[in-house]
Amino acid sequence: MLIPFSRLYLSDANVRKTRSEEDDIQLSADIEARGLLQNLLVTKSKKRGKFAVIAGGRRLRAIEMIVTRGAWAPDAEIECKLLEGSEEEAGEASLAENFQRVEMSPAEECRAFQHFIKEGSDVAAVAKRFGLTQRFVEGRLRLANLAEPIFEALAKGDVTLEIAKAYAATDQHEVQLRVFEQMRYAYNPSADAIRRMVASGSMRGNDPIALLIGEDAYVAAGGKIERDLFSEAADDRWIDIEIAHRLAAEKMEAEAQRITAETGLAWISPVASTNSWQARSEMGVNAVRLPPAPLSEEARARIDAIDARMEEISEIIDEGHEGGEADFGQLEAEYEHLDAERSDLNNPVRELPEEWRGEAGRFLVLTTRGEMVLEADYYSEKRLSFETDENGKVTATAEEPVSGSTKRGSAAPSRPEAVAPGTEKPISARLFDELAVQRRNILSASLLTDAGLALDFAIFALADSRSYESRGTSIKGGRPSDPATGELSQSTAEGILAEAENALDTAWQEHSCAAQRFIAFRELADEAKAAWLAYAVAISLEAKKGYGSEYHPIHAVIGSMLDIDVAAMWRPTAENFFDRVSKTSCLAALTEVGGSDLAARYAASKKADLAKTCETIFAGKAIIEQDVKEAALAWLPEGMKFTIGANPADPVIPDTDESDPVADVCDGDDGEAESEAGELIDDHQPEVACEEAAVAA
């Protein structure tokens, strides 16, 4: 029956009490476009001439919205179905009408929208017709374009909507199917993991390889690019990685051949990466360390001239401060330029002697801007050592590589480790596993009696991390995965680590198997073993906690124990700090070391100029007051300090060595520790307990 809208109202017997304004608006647009597709269920009301809606409350509210915006008249007739019966029966009908409803699945929505698009509608029309956003419709249409096996999995409910969206991050079916096959048997795969795997099948538009070959050459070779029209070119995805790598290899190989012929070196190895560490490891080459080059007479004369001019500039600036007539900016720029030139002259690079060029090579790598550059160091399959005698003559020694030390050869099948008594047949795998565990436990128990041997084995396991061969222990060394990669600013620390690595006694590494390497390692002097231990632990340190922006508190503890002078090893520059923060932060740093007067001098500077000025000041190269210079040389941003105790979660290091307060605090009874303040620390929360115990220290 048809009932005017003005005579309808929502019954108290309607079981649906929750509502969504957004959903109601969407339904309103749909009803206005197509009319009411399903009747309202009503009963006669005690109010004369009125009807109570017991099922269809959302439709009633949607119609009210249509009437409110003037699209329908208040007395528009609405198709209704009249139910006779008691209020209890009306409530049951309302419950059944809502309870028995089944929503469309995402796969059904995809096919429905795809149908309307094929019929000639556009996305905007479909969105308006169903009262949806265009983004929602576009998302479902993208899902409709999934590779068929993945779409079928979505339709069957084998994958969730979020997982399907992750596969739809690319429209390349071959990439989708490759990841789908890899992940279909994975335990509880996440959408984020799938997105990363999909992305790993492509490269970004600002990848060094992409910048090297250029988009035109890549596309001309048949390469495809997946791009978002609303993002930058750097966010484009180059799908055909094989094509990109082939073009890069061809370009770099040609450049490597040219440089080889030009330099006379044994080889130039092109590496399509920003560093060559993996290639060096695979090739098994050794770094060639050259002694420092002597200063030439021309360099000495130029250094003397620079020193004189820098002293003259200092005097001019001092007079300018008194008289107020000096172009400080120009003078400081000249001073900075001269200082840089002086540093380069004082550190000349020695060239490889001509007679040894046929024994060494260099690696051709890429910068982050896609430029081909030669790495500074030379490498050789032989161990080349160079020394300078009293007359300045360079002499070299060459040690041939040990056969089999860097490459694995094929070996004949070995006899089984254990055979059954009286036969040549191996025992069962299950029995062997059980015996292996019992044998290991006996070795472990016996190792407890020789702490020196255990320490040697632990150091060996840490130091031998470059080998992929099993060392019979779960102790592992090596470098963690750093959160920042590529070309990074260097400090004194990197040079110290490199020198420490070069000073290590590596003779034991020449043996081909782990057992032989361990025997040779034990023959090292205690000082050599200690050096290996310190180096292995040093390079194992992680940069930060997980994926967030948080340091490890224990690093602050160790740094404080070492009393590290960070300012002596690292200074903030435009490249590594000031260009990366706001102008306000730069001025705040100047205020911190020199007060508001110092910051006011440069407040009108452009950001780039201010960053360079800050670099000069905080390097101690600017002509400024002595106390300000000292403060600037000691200044560090908070992210580079090893300060502790700044907040309640940070540990505090004791000033004396009379006792071990951390141990004392952690020795409480019944799983609890008592701090100096008398508070109890629950050891069932290990991280909190550890940090609070350190605070009490």
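Our focus in this paragraph is the environment of Leu37. Note that Leu37 resides in the loop between helix H1 (21-34) and strand E3 (40-44). Among the residues examined, Leu37 registers a relative accessible area of 66% and is labelled exposed.

Pairing within the open sheet is antiparallel, and its 3 strands lie in the order E6-E8-E7. Either end of the sheet is taken by a strand with one partner, and the two such strands are strand E6 (203-204) and strand E7 (225-226). Strand direction decides the pairing type here: E6 and strand E8 (residues 237-238), joined by 2 bridges, are antiparallel. Bridge pairing in E8 places Met203 opposite Trp238.

Moving on, we get to the confidence of the model for the protein chain. Confidence along the protein chain averages 74 in pLDDT terms, with 69% of residues attaining 70 or more. For the stretch residues 403-415, pLDDT sits under 50, and the model shows 6 contacts to residues farther than four places along the chain or on other chains. Taken together, the stretch residues 646-697 has pLDDT below 50 and engages in 56 contacts with residues farther than four places along the chain or on a different chain.

It is worth spelling out the sheet that holds strand E2 (residues 8-10) at this point. With mixed pairing, the 5 strands of this open sheet are ordered in space as E1-E5-E3-E4-E2. At either end of the open sheet lies a strand with only one pairing partner, and these are strand E1 (2-4) and E2. The sheet shows a mean angle of 55° between the axes of neighbouring strands, taken without regard to direction. The sheet contact formed by E3 and strand E5 (residues 77-82) spans 3 bridges and is parallel. In the sheet register, Val42 faces E5, and the bridge partner there is Leu82.

Rules and cut-offs
- Residues numbered from 1 in each chain as written.
- Predicted model: local features only at pLDDT ≥ 70, side-chain atom pairs only at ≥ 80, totals over all residues.
- Heavy atoms only, no water.
- Helix = DSSP H or I, 4+ residues; strand = E, 2+ residues; numbered from the N terminus.
- Buried < 20%, exposed > 50% of the residue type's maximum accessible area, 1.4 Å probe, protein only.
- Pairing = 2+ DSSP bridges.
- pLDDT = per-residue confidence, 0-100.
- Contact = heavy atoms within 4.5 Å.
- Axes fitted to C-alpha atoms, helices over the stretch in contact; angles between N-to-C directions.

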